[in-house]
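Single-letter residue listing:
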Amino acid sequence: SRPDADSVLDGLDPEQRQVATTLDGPVCVLAGAGTGKTRAITHRIAYGVHSGAYVPNRVLAVTFTARAAGEMRTRLRDLGVAGVQARTFHAAALRQLQFFWPQSIGGTLPNLVEHKAPLVADACNRLRIQADRARIRDLSAEVEWTKVMLVDPDDYVRVATAAGRGEPGGLDLPTVARLVRTYEDVKTDRAVIDFEDVLLLTAGILDERPDVAATVREQYRHFVVDEYQDVSPLQQRLLDLWLGGRQDLCVVGDASQTIYSFAGATPEHLLDFPRRHPGATVVRLVRDYRSTPEVVGLANSVLSLATGLHARARLELIAQRPSGPPPSFTAYDDDVAEATGVAARIAAEVRAGRSAKDIAVLFRTNGQSQALESALADAGVGYVVRGGERFFSRKEVRDAIVLLRGQARSALPGHDLGTETRAVLSAAGWGEKAPTAGGATRERWESLQALVVLADELAQKRPGSTLADLVEELVERSQAQHAPTVDGVTLASFHAAKGLEWDVVFLVGVSEGLLPISFAETPEDVEEERRLLYVGITRAREGIHLSWANSRTPGGRATRKPSRFLDPIRPQAAPAGRRGGAAAPKPAKSTGPMTCRVCGAPLTAAVDRKLRRHADCPASYDEAVFERLREWRSATCRAAEVPAYVVFTDAT
Ligand code: ATP
Ligand code: MG
């Protein structure tokens, strides 16, 4: 029996109710972190369905990460709604492309390659451009940029000049323009498509084939977009084509949380929404339901010095929750001491009865996770690396996905998914019992166990799920690089933590050089770093701990200063007169030697500013960015190896 539609509105405040009951678009929700944006749109969908206004499978809810999409599906199920499509842009487009490719283009969809480097290398070869790894990496990044920004190759020189792209890969812009064109030829010759092509091709088909566009628009009537502040021009174009001039759109976002500018994100779409959609219902939410007044106060003061477009749209948050513990600020001697200190505090929380899964440690660069991982292991605290590049790069996981996919074709429906997955894995020689050996064997077994846990979770959440559903979920997660959840402390980058919340959050490495990151040179870059800190702080429900290390290695020179973003905060928090306490660090560029964040070796001249930017941006949802990170590591650091080439579409 369906719950009464009005009961869906219980537990919403008047403004959230307005969002939930304004079932006709355009609707735009502008609101800060923790104000219940995601909750409001989820309840809006549920209200639409329960009141009979929406047919569930005609609703397309677009979110930014596979995890957010999964979470929205769960929240909807809890509200008694099944059948709504909640997906990432990429996953939604890929499904449509696979479906419409045969009738609009003919044949089967070309393989999707996740790595541009081999294609760029080939393009360089054809143009007789000398290309070392660093140049290939830079050019791959530039190719991606032109695609997410929808830059026509013929227009590239003008646009890139205006955007201050410099000399990508050390080449002049006309040469890069030729490279961008040749890259497309290489893909055509090899019959492959890349990550951005999934969106570009879907948009192209919708644009050129009125019959396909009509079918898609008939299927999807109501559109909802979460985290709209991070939409890229390419994603916006696809959204416009899905809508086809209709207004059944509800977007929610917070300009102060734009943290994907490097991937083409711009809050202009959000801020411009009321102008682009005359008559739009614009709702502002200011009550913060997530965090204590202490956390909210900290978040507000971090943003108090923000400048630029994002800052102008800022809304002060008003805390709703009762008072909690004050934020803590701790300076440690070095990275190891910081990791150990944080692990000890976490262990104490867990001993005091706090569940490990309600705690997170967030950092700016993925390289920072290693020290924390070992400190937590030493302290006997379980952890899970969220958005880490590791899980889906593991050979056994890739192999298992291929195996499960093969099996999905022949599997009989009805079987229990968890049982079936165990059977498939054990038939391949991966037993259910933990191996007695430690090391690599054990690790391999543990990653496969995580797949089994995921299968069980899926079977429980969505009874009747099949192996094909599991494979789809895995592919979605692998594209988003989200490993299945296990019970433990979450280790995540600031980027990967977007939209999520925990009781207690530790922000580590809040120092100059890490936050803002050393390569943030322009004022805009620095502002984005400030927003990252805001995103990090607002993940906490009650406990917020900020820390930094004075030097990188034990016994190293004291080279790091606390982040300039703490200036408006620390004078009240730290005892006055404490050394370094209230001194404002100069907003100058970091001039220290550039070292590899994995092995600490000095970086060669081939590693330039832009490369470091991409190398360090833990854009967890974007495989392409991760690939650059891995390549960068392998090129500059002896400690890492190049991952194998991964193809996620069917080779048949
Ligand atoms: P972010 O910008 O970080 O994505 P958000 O605006 O999407 O945040 P939600 O995640 O929807 O915020 O909500 C934050 C928390 O507040 C959640 O735990 C949610 O359940 C709770 N919450 C939201 N609205 C209410 C409400 N009216 N009453 C009680 N709790 C609420
Ligand atoms: Mg949200």
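Residues numbered from 1 in each chain as written. Chains lettered and ligands numbered in written order. Predicted model: local features only at pLDDT ≥ 70, side-chain atom pairs only at ≥ 80, totals over all residues.

**Considerations on the site of ligand 1**
Among the 19 residues in the neighbourhood of ligand 1, the closest are listed as Gly36, Lys37, Thr38, Arg39 and Tyr289. With three residues, helix H2 (residues 37–50) is the single largest residue contributor to the shell around ligand 1. Residue composition of the shell around ligand 1, by class: four nonpolar, nine polar and six charged. Residue contributions to the shell around ligand 1 reach at least three from each of two domains, namely domain 1 (5–95 + 200–285) and domain 3 (294–389 + 488–592). (Near = placed C-beta within 6 Å. Helix = DSSP H or I, 4+ residues; strand = E, 2+ residues; numbered from the N terminus. Nonpolar A, V, L, I, M, F, W, Y, C, P; charged D, E, K, R; others polar. Domains from an automatic or database assignment.)

**Focus on the sheet that holds strand S8 (residues 281–285)**
Strand order in the open sheet formed by six strands is S3-S2-S6-S7-S1-S8, with parallel pairing between adjacent strands. Two strands bound the open sheet, and with one partner strand each, they are strand S3 (85–88) and S8. Between one strand axis and the next, the sheet turns through 15° on average, direction left out of account. Pairing of strand S2 (residues 59–63) with strand S6 (residues 222–225), which is carried by four bridges, proceeds in the parallel orientation. (Pairing = 2+ DSSP bridges. Axes fitted to C-alpha atoms, helices over the stretch in contact; angles between N-to-C directions.)

**Observations concerning the UniProt feature "binding site: ATP" (unreviewed entry) in the protein**
According to UniProt, the positions carrying the feature "binding site: ATP" (unreviewed entry) are Ala31, Gly32, Ala33, Gly34, Thr35, Gly36, Lys37 and Thr38. Secondary-structure assignment places Gly36 in the loop between strand S1 (27–31) and H2. Using a count of 24 C-beta atoms within 10 Å as the deciding quantity, one classes Gly36 as buried. The residues touching Gly36, leaving out its near neighbours within four places in the chain, are Gln16, Leu285 and Tyr289. Within the fold, Lys37 resides in helix H2. Note on Lys37: 25 C-beta atoms within 10 Å, which makes it buried. The residues touching Lys37, leaving out its near neighbours within four places in the chain, are Val29, Ala31, Val252 and Leu285. (UniProt positions renumbered as here; feature names shortened; annotations may be inferred. Buried ≥ 20, exposed ≤ 12 C-beta atoms within 10 Å, placed from the backbone. Contact = placed C-beta atoms within 7 Å.)

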